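# Structural description and commentary
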Amino acid sequence: MRLRGRGCVVTGLVSVLVALPGCAGGDREGGPAPTAPPQTSRTSEAAEAAEASPTPPPVNPVSIPGLIARPHTGSDLRLGAVLARTAAYTSHAVTYEADGLTISGIMNIPEGEGPFPALVLAHGYIDPAVYTTGRGLAREQDLLAREGYVVLHTDYRNHAGSDDDPDNDVNLRLGYTEDVIGAALALRDSGRPEIDTDRLGLLGRSMGGGVVYNTLVVAPGLFDAAVVFAPVSSRPAENIDHFQRPGDDPIVAEIEAAHGTPASNPAFWREVSPLTYVDRVTEPLLIHHGTADDTCPLAWSERTRAEFAAAGKDVRLIKYSGEGHTFGPQWPASMRRTVAFFDEHLR
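Computed from a predicted model, the values in this text were never measured in an experiment.

## Here we look at the overall build of the protein chain
- Summing up its helical and strand segments, the protein chain has ten helices and ten strands in all.
- Residues counted as buried form 49% of the 347 residues belonging to the protein chain.
- The long-range share in the protein chain, meaning contacts at least 24 apart out of those at least 6 apart in sequence, stands at 72%.
- Counting only carbon and sulfur atoms, one obtains 53% of the accessible surface of the protein chain, whose full area is about 16,500 Å².

## Considerations on helix α5 (residues 207-218)
- With twelve residues, α5 extends 17 Å from end C-alpha to end C-alpha; this agrees with the ideal 16 Å at 1.5 Å per step.
- Taken together, the buried positions of α5 are M207, G208, G209, G210, V211, V212, Y213, N214, T215, L216, V217 and V218.

## Digging into unusual backbone geometry
- Put simply, G114 and P115 share a cis peptide bond, and its omega is 5°.
- Its place among the elements puts P115 in the loop between β4 (101-110) and β5 (116-122).
- Phi is positive for N158, close to 70°, though the residue is something other than glycine.
- You can see N158 is positioned in the loop between β6 (150-154) and α4 (175-189).

## Quick notes on the confidence of the model for the protein chain
- Residue-level pLDDT values for the protein chain average 89, and 85% of them are 70 or greater.
- Here residues 3-7 is modelled with pLDDT under 50, and outside its nearest four sequence neighbours on either side it reaches 16 contacts, counting other chains as well.
- Here residues 12-43 is a poorly scored stretch, pLDDT under 50, and it has seven contacts once near neighbours within four places are set aside; other chains count.

## Details of the pattern of salt bridges
- The final tally for this structure, using the stated rule, is 15 salt bridges.
- Across the salt bridge formed by R157 and E178, the nearest N and O atoms sit 3.8 Å from each other. Of this pair, R157 sits in the loop between β6 and α4 while E178 sits in helix α4, and the two are 21 residues apart along the sequence.
- Its salt-bridge partner being D169, residue R173 comes within 3.4 Å of it at the nearest N-O pair.
- Residues joined by salt bridges that share partners form a network here, namely R70, R157, D165, E178 and D179.

## Description of the packing of helix α3 (residues 138-146) against helix α10 (residues 331-346)
- In contact at an axis separation of 11 Å, α3 and α10 are set at 50° when each is read in the N-to-C sense. By the angle class used here, α3 and α10 are oblique. Between α3 and α10 lies a crossing whose hand is right-handed. Between α3, through R139, E140, L143 and L144, and α10, the contact on the second element is made entirely by W331, M335 and V339.
- By residue class, the composition of the contact of α3 with α10 is five nonpolar, no polar and two charged.

## Observations regarding the layout of surface pockets
- Approximately 530 Å³ is the volume attributed to the largest pocket.
- Along the wall of the largest pocket there are 28 residues; nearest its centre are L172, R173, M207, V232 and N239.
- Secondary-structure elements contributing two or more residues to the lining of the largest pocket are α4, α5, α6 (236-244) and α7 (250-259).
- Residue classes in the lining of the largest pocket are distributed as 15 nonpolar, nine polar and four charged.

## Topic: the pairing of strand β2 (residues 72-85)
- Note that β2 and strand β3 (residues 89-98) share seven bridges and pair antiparallel. Note that in β3 the partner of G74 across the bridge is A98.
- The antiparallel hairpin formed by β2 and β3 contains three residues in its connecting segment.

Rules of the game
- Residues numbered from 1 in each chain as written.
- Predicted model: local features only at pLDDT ≥ 70, side-chain atom pairs only at ≥ 80, totals over all residues.
- Heavy atoms only, no water.
- Helix = DSSP H or I, 4+ residues; strand = E, 2+ residues; numbered from the N terminus.
- Buried < 20%, exposed > 50% of the residue type's maximum accessible area, 1.4 Å probe, protein only.
- Contact = heavy atoms within 4.5 Å.
- Areas by Shrake-Rupley, 256 points an atom, 1.4 Å probe, with all protein chains shown as cover.
- Expected span 1.5 Å × (residues − 1).
- pLDDT = per-residue confidence, 0-100.
- Salt bridge = Lys/Arg side-chain N within 4 Å of Asp/Glu carboxyl O.
- Axes fitted to C-alpha atoms, helices over the stretch in contact; angles between N-to-C directions.
- Parallel < 35°, antiparallel > 145°, perpendicular 65-115°, else oblique.
- Left-handed = near helix turned anticlockwise from the far one by under 90°.
- Nonpolar A, V, L, I, M, F, W, Y, C, P; charged D, E, K, R; others polar.
- 1 Å grid on protein atoms, 1.4 Å probe; cavity = no way out; pocket = protein on both sides within 12 Å on 5 of 7 lines; lining within 4 Å.
- Points joined across faces, edges and corners; volume = space filled by probe spheres on them.
- Pairing = 2+ DSSP bridges.

Encoded structure:
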């Protein structure tokens, strides 16, 4: 399902308020006071049923349902300094607005006559203290622009020139999902003639693969296709156990103080896993994973593929024998498959 045309808001939950007609101008001074209609047994029963119905609990804002329920905004895409010029494309520093924050990034615009389909790139984990704009997917930025795609690489909040979000780590970095959704909406809202706003793809690596999974369940229909390389687990508790707990990351204690452990608050941990909501996904997904990946185990992608397939989703996992986490010798082959996949769904 595509969201046609330009738009800058995705709303997960929409309430429609209907006003009841009243007397224009109010009661005339000195007139008789209005009387309430007699209560029938049917209206009395309805009132009693309403009182007896339990009020649904509020949606936890730190959860996939919380992201689904929240209206998301993305706009004000601004091209800054030219960072590089090649025969195939021009690279610009950019900023855009995502849910009230300014997010920085890099955008490569192909030479030639557009409009071109556009891709949003979600990078893997790099310590924000050393991160510089555009890091993490430099090879992909270059190749995909040479293949005729506008490429917007988001820095995420708390990275490079983006605004700060002090609660992002404690809230399981769900803000990165908002930044990716905002990037797509900002592309759609930009009005730039180089961008075909009806053709958007999404690519993520490692941690960015988890951001892609979240985005597909939170905003189905926003993108037309998605690709992930060597993605993290689609179960956040597993990522914490694998990456953060062994190194005694102090953020783990803060996360569990705020949200509980998987044992003490299993409902929370179910609600932050995109697998719980995989039935919402509408886009085809391609997963690349090396069999020798010692950072993100292949078993994680095998389980995610199985869950998507069981829900009837269009998903394919390609395994690369002997390939590690960063993809070396087989990276060109993986990118040929990636370009063919995006060409199939975006051109």
